[in-house]
Amino acid sequence: MDLLHRTHTCGNLRGPDAGKTVVLTGWVETKRDLGGFVFVDLRDRHGVTQVTFDPTGGNVLFTTAQDLRPESVIGVEGVVASRGRNTNKELPTGEIEVRATRVEVFSRADTPPFTVTDETTANEDLRLKYRYLDLRRRPIAKNIVLRHRIAKAARDYFDRQGFLEIETPFLTRSTPEGARDYLVPSRVNPGRFYALPQSPQLFKQLLMVAGMDRYFQIVRCFRDEDLRADRQPEFTQIDVEMSFADVDSIAGLIEGLLQQLFREVSGVEIPAPFRRLTWDEAVRDYGTDKPDLRFDLRLVDLTVPVRTRDGGGVGLFRKAVEAGGIVKALAVRAPNTLTRTDIDKLEDQVKQLGSKGLARAKIEAPGQWTLAPWAKDMDPHLKAEIEHLCAVNPGDVILLQFGRARDVNLHLASLRQTLARKFGMVKPGEHAFAWITDFPLLEYSEEEQRYVACHHPFTSPRPVDVEKLENAPGAVKAQAYDIVLNGFELGGGSIRIHDRDLQSRVFTALGIGEAEAQSKFGFLLEAFRYGAPPHGGIALGLDRLAMLMAGADSLRDVVAFPKTARAVDLMTEAPAGVDERQLEELRIRLKA
RNA sequence: GGGGUGGUAGUUAAGUUGGUUAUAACGCCGGCCUGUCACGUCGGAGGCCGCGGGUUCGAACCCCGUCCACCCCGCCA
């Protein structure tokens, strides 16, 4: 038999296969040399099978076996034999072993820098440098398989729903607004640059104008921004756009997709329709637009009572509300308790986020607070009101933040997450999906001294808010939505503007003049003159979805060749310098 | 750009008043071993203590700078 062509994988032989002559190929995971007998665990991505060598097979065969090294690649011919009493219950193939009759070493491996085993202690930078070894480890390989199955199930789903997968250009033009672009110089057009797409946004809208109706694409996107555990500079979106759509039709489509993915890939039934929260509600109750809804633990807004009583005798409160800030709290109620040390740790946590401190009060009795020197002159009526709003009883603790809304929400949302984990409020295996709707259309940017789009400049305002575009742009809500799973933003989208007049009013609100609009998005505006259907869409982060479905903590665990926090590929050492000649061809000179 | 954590044999870690020859486990090399599956057992080799300065009679340890990895803030339409 030919040792190059396996008859089975290392994962699929079972007891009833006993007696068959087989060929297996794979990597030597471990070798146990007992002197007169050699056991080899042979691995491929499908599993592990024990191969045995004994001296009766001949001297050459046996000494070859004794010389095998971990991670060498071999082909083995042998006879499947039942292991009887020696069955290994840890292995799916544990009922059998392959008694080798021939072996060929295709490739002798050097000692690897770390052992390729399910459990590894190797640091992540080492694993990234030798990513091809890390990918041999089942826990990582399994994630890559999972990712394939998600992509496959998504393609099948959209195909059944009548969607077309259409490719869009990677070499495209830089657009203002949004993330920093990765630029690609054009050799044939010196001084000009392509930009890699942050998303195929404009192209998918043009496909709607083109009458393609229902588009999707599993597509790479690029953003030159700083990385996080859940952010890579290149990432994959399941990108969708649909004509004649409203918020409900997109939500229904995506709920169907996620139900299908979880059913097919994870065997989990998720209930739909998903919960919906407006952006205002999410920020009010959870301090974030991507709340983890596996637990409740809401923030309590104390701004109104504090403002009504002009701070209630607490100087810090008065100053906060006078400056337009807010006061919010988290209540820790029985049976949960916090020690002083616990609270100090929580204070460290919010200080790391930029908070000045963590005001706390332990309720000893109604109106009688300890740990709270700041509250010693507080109006007893305000105290009573706060106790009521926080629904606290003696023994409970209130944690407070006050100041700029953005900061207060950030700090308390972070505490909420920590407290839920500490008190075991997260039910394992739960999937808390939710739609966050009615995002603000625009947000004032201090840095740029103008309004910028919260989603993107083509997002449609809610019809009821259109009249506010000129006078109260900050109050306009958008037909934009995010889908959130367990505190992660899985994706987001919007109904788009398909009317030229409305589009130019939004551009005006954004401070984008007619000339700039024409030069940057002229092709889109022009397209809208020739019959644009109402349309909308969404993009889901495939990497994040895979991460959550895999139960991983980092995108790096579900991306075959990920980059580090400094956007470096430790294996190829990209980005790297280039030859002077290449730069010359591109007419690029580096600044000294 | 800012904050935090870490960096000591191939790997993972230990290493306190700054003091002889820097430990251990796994891995590696050599010997023995026919039912192992984290094989066992005996022996051995292996170190720019991230890098560069400084303090000191003397630095893995103290100080300054710097690089790398991870986490977070800013940033991410």
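Draft legend 1. Structural view of the environment of Gly-325. With respect to the helices, strands and loops of the structure, Gly-325 is situated in the loop between α9 (315-322) and β13 (326-332). Spatially, the C-alpha atom of Gly-325 lies 8.2 Å from that of Thr-303, the residues being 22 residues apart in sequence. Once you skip the residues sitting within four places of it in the chain, Gly-325 turns out to touch Thr-303, Ala-320 and Gly-403.

Draft legend 2. Just the protein's contact with RNA strand B, in detail. Taken together, 48 residues surround RNA strand B, and among them Asp-33, Arg-83, Gly-178, Ala-453 and His-455 come closest. Take the atoms of RNA strand B that sit within 4 Å of the protein: sugar and phosphate atoms are 54% of them. Here a base nitrogen of RNA strand B sits 2.5 Å away from a polar atom, N or O, in the main chain of Asp-33. Note that a base nitrogen of RNA strand B is positioned 2.3 Å from one of the side-chain N or O atoms of Arg-83. It is helix α2 (residues 124-129) that provides the largest number of residues to the surface near RNA strand B, a total of 3 residues.

Draft legend 3. Local environment of unusual backbone geometry. With an omega dihedral of 5 degrees, the bond running from Ala-334 to Pro-335 counts as a cis peptide bond. In the Ramachandran plot, Asp-438 falls in the positive-phi region, its phi being about 55 degrees despite a non-glycine side chain. By secondary structure assignment, the location of Asp-438 is in the loop between β17 (433-437) and β18 (442-445).

Draft legend 4. Structural context of the sheet that holds β13. Pairing in this open sheet of 5 strands is antiparallel, and the strands run β12-β13-β16-β14-β15 from one edge to the other. Across the chains shown, the open sheet's two edge strands, defined by having one partner strand only, are β12 (300-301) and β15 (368-370). Sheet topology places β12 next to β13; 2 bridges connect them, and they run antiparallel. Looking across to β13, one finds that Asp-301 is bridged to Lys-328. Sitting on the sheet, helix α10 (residues 340-352) touches β14 (359-365) and β16 (397-403), and the angle it makes with β16 is about 20 degrees.

Draft legend 5. Main features of the sheet that holds strand β21 (residues 488-495). Spatially, 8 strands are ordered β6-β9-β10-β22-β21-β20-β17-β11 in an open sheet, and the strand pairing comes out mixed. The sheet is open, and its two borders are formed by β6 (164-165) and β11 (275-278), each paired with just one other strand. The pairing of strand β20 (residues 480-485) with β21 spans 6 bridges and is antiparallel. Directly across from Ile-483, in β21, lies its bridge partner Gly-491. Against the sheet, helix α5 (residues 201-209) touches β9 (214-222), β10 (234-243) and β22 (535-541), its axis set at about 25 degrees to β10.

Draft legend 6. View of the pattern of salt bridges. Counting across every chain of the model gives 46 salt bridges. For Glu-234, the salt bridge goes to Arg-220, with nearest N and O atoms at 2.7 Å. Residue Glu-234 is found in strand β10, and its partner Arg-220 is found in strand β9; the two are separated by 14 residues along the sequence. Assessed through its relative accessible area of 28%, Glu-234 is described here as partly exposed. Of the charged contacts in the structure, one is a salt bridge between Asp-407 and Arg-404, with a shortest N-O distance of 3.2 Å. In the salt-bridge network here, residues are joined through shared partners; they are Glu-29, Arg-43, Glu-71, Asp-118, Arg-136 and Arg-138.

Draft legend 7. Spotlight on the nonpolar core. Among the nonpolar cores identified, the biggest contains 43 residues, and Ile-150, Phe-158, Ile-254, Leu-258, Phe-433 and Ile-483 are the most heavily contacted of them. Looking at this core, the element that brings in the most residues is helix α6 (residues 247-266), giving 9 residues. Listed in part, the 32 residues of the second largest apolar core include Ala-434, Leu-469, Leu-524 and Leu-525.

Draft legend 8. Structural context of the pairing of strand β5 (residues 96-107). Where strand β3 (residues 47-53) lies against β5, 2 bridges are found, and the strand directions are parallel. Paired with Thr-52 across the two strands is Arg-99, which belongs to β5. Pairing of strand β4 (residues 73-82) with β5 involves 10 bridges; the strand directions are antiparallel. Looking at the pairing, Val-80 lines up with Val-98 of β5.

Definitions and cut-offs
Residues numbered from 1 in each chain as written. Chains lettered and ligands numbered in written order. Predicted model: local features only at pLDDT ≥ 70, side-chain atom pairs only at ≥ 80, totals over all residues. Heavy atoms only, no water. Helix = DSSP H or I, 4+ residues; strand = E, 2+ residues; numbered from the N terminus. Contact = heavy atoms within 4.5 Å. Near = heavy atom within 4 Å. Polar contact = N/O pair within 3.5 Å; in protein donor to acceptor, adjacent residues only side chain to side chain. Pairing = 2+ DSSP bridges. Axes fitted to C-alpha atoms, helices over the stretch in contact; angles between N-to-C directions. Salt bridge = Lys/Arg side-chain N within 4 Å of Asp/Glu carboxyl O. Buried < 20%, exposed > 50% of the residue type's maximum accessible area, 1.4 Å probe, protein only. Core = buried A, V, L, I, M, F, W, Y, C linked by side-chain atoms within 4.5 Å.

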